[in-house]
Amino acid sequence: METIADLVIHNGTVVSADTTYAASIAIKDGVIIAIGNAKTMPSAKETLDANGLHLLPGAIDDHVHFRDPGYPHKEDFASGTLAAAFGGVTTIFDMPNTLPTVDSGEVLAAKLEMAAQKAHVDFGLYAVLGATSIERVPELVDVGAIGFKLYMGNTFGRIPSPSTGEMLEGFEAVAPTGKRISLHAETNSIMERREGKLRAAGYSAALDHLAARPEVVAIEAVARAAILAEWTGARINILHISSAGELRPLREAKARGVDITGETCPHYLMLSSEDYARCSGVIRVNPPVREARNQEPLWAALLDGTIDVIATDHAPHSQEEKTRNDIWTVDAGFLGVEIQMPLMLTEIARGRASICDYVRWSAVNPAKIWGLYPRKGVLQVGADADIAIVDLKRNWTIKDTELHSTSKISPWDGRKVQGLPIHTIVRGRFVVKDRTLQAGTRGWGRSVHSIQNMPKPVPLNVDQTTAAVLQKTFHQASA
Ligand code: DOR
Ligand code: ZN
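Here's a quick rundown of the structure.

Analysis parameters
Residues numbered from 1 in each chain as written. Chains lettered and ligands numbered in written order. Predicted model: local features only at pLDDT ≥ 70, side-chain atom pairs only at ≥ 80, totals over all residues. Heavy atoms only, no water. Near = heavy atom within 4 Å. Polar contact = N/O pair within 3.5 Å; in protein donor to acceptor, adjacent residues only side chain to side chain. Areas by Shrake-Rupley, 256 points an atom, 1.4 Å probe, with all protein chains shown as cover. Helix = DSSP H or I, 4+ residues; strand = E, 2+ residues; numbered from the N terminus. Buried < 20%, exposed > 50% of the residue type's maximum accessible area, 1.4 Å probe, protein only. Donors = N, O, S within 2.8 Å, 3.2 Å for Na, K, Ca; no water. Pairing = 2+ DSSP bridges. Phe/Tyr/Trp six-rings, centres within 6.5 Å; stacked < 30°, edge-to-face > 60°. Lys NZ or Arg CZ within 6 Å of the ring centre and 35° of its normal. Contact = heavy atoms within 4.5 Å.

**With respect to the site of ligand 1**
For step 1, the next point in the chain: Near ligand 1 you find 14 residues, and of these Arg67, Asn97, His184, Asn286 and Ala332 are the closest.
For step 2, the next point in the chain: The contact in question runs from a nitrogen atom of ligand 1 to an N or O atom on the side chain of Thr155, over 3.3 Å.
For step 3, the next point in the chain: Contact with the protein chains covers 100% of the free accessible surface of ligand 1, which is 290 Å².

**Observations regarding the side chain of His65**
For step 1, the next point in the chain: Tracing the sequence through the fold places His65 in the loop between strand E6 (59-64) and helix H1 (77-86).
For step 2, the next point in the chain: Residue classification places His65 among the buried positions, given a relative accessible area of 6%.
For step 3, the next point in the chain: Within polar-contact distance, the side chain of His65 engages the side chain of His63 at 3.5 Å.
For step 4, the next point in the chain: At 2.8 Å, the side chain of His65 and the side chain of Asn97 are in polar contact.

**Let's talk about the coordination of the zinc ion (ligand 2)**
For step 1, the next point in the chain: Taken together, the protein donors to the zinc ion (ligand 2) comprise His63 (NE2), His65 (NE2) and Asp313 (OD), at separations of 2.0 to 2.1 Å.
For step 2, the next point in the chain: In primary-sequence terms, the residues that donate to the zinc ion (ligand 2) follow H-x1-H-x247-D. In this pair, His63 is assigned in strand E6 and Asp313 in the loop between strand E13 (309-310) and helix H12 (319-322), connecting sequence segments 250 residues apart. For the pair His63 and Asp313, a shared accessibility class is recorded, and that class is buried.

**Quick look at the pairing of strand E5 (residues 54-57)**
For step 1, the next point in the chain: Burial along E5 is two-sided: the face carrying His54 and Leu56 and the face carrying Leu55 and Pro57 are both buried.
For step 2, the next point in the chain: Two strands pair when backbone bridges link them, and strand E1 (residues 4-15) and E5 are joined in this way by 2 bridges, in the parallel orientation. By the bridge assignment for E5, Thr13 is matched with His54.

**Structural notes on the pairing of E1**
For step 1, the next point in the chain: Across 6 bridges, E1 lies against strand E4 (residues 43-49) in parallel orientation. Paired with Leu7 across the bridge in E4 is Glu46.
For step 2, the next point in the chain: Where E1 and strand E2 (residues 20-28) come together, 7 bridges link them in antiparallel fashion. Across the sheet, the residue bridging to Ile9 is Ile25, located in E2.

**Observations concerning the packing of aromatic side chains**
Aromatic rings considered in pairs are described by the distance between their centres and by the relative angle of their planes.
For step 1, the next point in the chain: Enumeration over the complete set of coordinates arrives at 7 aromatic pairs.
For step 2, the next point in the chain: Taking 6.2 Å as the distance between ring centres and 80° as the angle between the ring planes, the aromatic pair formed by Phe93 and Tyr126 counts as edge-to-face. You can see Phe93 sitting in strand E7 (residues 89-94) and its partner Tyr126 sitting in strand E8 (residues 122-128), a full 33 residues away along the chain.
For step 3, the next point in the chain: Take Tyr126: its relative accessible area is 0%, and that puts it in the buried class.
For step 4, the next point in the chain: Here the aromatic residues Phe66, Phe77 and Phe123 are joined through ring pairs into a cluster of three or more.
For step 5, the next point in the chain: Sitting over the ring of Tyr373, Lys368 keeps its end group 4.9 Å from the ring centre.
For step 6, the next point in the chain: Directly above the ring of Trp444 sits Arg429, whose terminal nitrogen or CZ lies 4.9 Å from the centroid.

**Here we look at the side chain of Arg224**
For step 1, the next point in the chain: With respect to the element layout, Arg224 can be found in helix H7 (residues 215-232).
For step 2, the next point in the chain: Within the structure, Arg224 has its side chain in polar contact with the side chain of Thr187 (distance 3.1 Å).
For step 3, the next point in the chain: Contact partners of Arg224, with chain neighbours within four places excluded, come to Met152, Thr164, Met167 and Thr187.

Shown next, in the form of structure tokens:
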């Protein structure tokens, strides 16, 4: 019997991590069933003419804060995933600093249910790894955590940062599960001391935020996390790399064979300390936007593979929360999920890197490091039809008020960009078509934990974990 596709996209240019090529794509039941010459495509219920447009694997933003449940005035799962869809992002991973903190199977189960009802794009949910959740690691994995988030330093939500001893135990608990731990790698004890002294001395300007969190805060944290990962065999991912200095411990750990990956965000590549005067507290983010001298090394690290992933740390807050006079009371973070692709494509258009590089950082690598490849992150037969159909020539200006997040304030307002996602397809279904939200897509998004396939776990030094040592003592004591 003749196969009839649900959708065939003609005349577009398909982008992979290696090349770009003219091809048609046929989709059935949410999956790509053919890529090739238009003449070889099956007949279809619907066709799209993508003449002049590029077909990219939808971006996987593995670092967003959609604030649900807990802070609906900042964002919720519907507005956040809507913003994602308008930005060509087809999968997001949401962080656990919502209310209540995602630290038990019960809280995670409720959040999974809520997200499934509201999501316009696919998603994964993080669980927190802290002193109180170490014992619940197996339960959190069973319920469906995509991975773990560990806060080495305090940030929004003030989730207590574990001591090094607690971190080691947490890594020991996660290593045998094979899941990856994403780290907010800023050492709390350094920055709390600094901030305390700066505050006591009366400093409260935007740039004082940077003074409280110098590069060494992050460098020391990355190095320490890498040592604990190397010892336990836990897989780790360094979030929001902001400085050149973090690259050395990251490179060295990779060279030693540690399963460590790295992420940076557009604001560390494109904004600098020179933007604080213009943006004031709006630019406050943890880790801070740093001196311009860090930008070139971060780009070079992306290009040589030291940094694997571009994500956004999308962290919306309200206008009032972002514009307080005293920098220490301004909520840290700003939106990003909807504009990552245009911001990055603008740099690609300027010749910073190739569009294939971009697809590697935004889709292929995140899919690989989270065990979703090749189901996600690539346009090939058998993959989910998650596609950002992009006009690379479109020049436009970012206006915060026109973005789809609930929060409408960012340091990007007024920035000229080149490149705009015109259509976004999630598992074969248009969520955005011709820049218009399609009806009935709320609740279309699914948790990707059930298709996650991490490589076999490789826990190390298992005879020396806290659990093993306790066991040994028990045997000796009772012998
Ligand atoms: O600036 C930040 N804001 N950094 C983080 O790590 C958390 C985030 C938030 O949730 O607001
Ligand atoms: Zn974050």
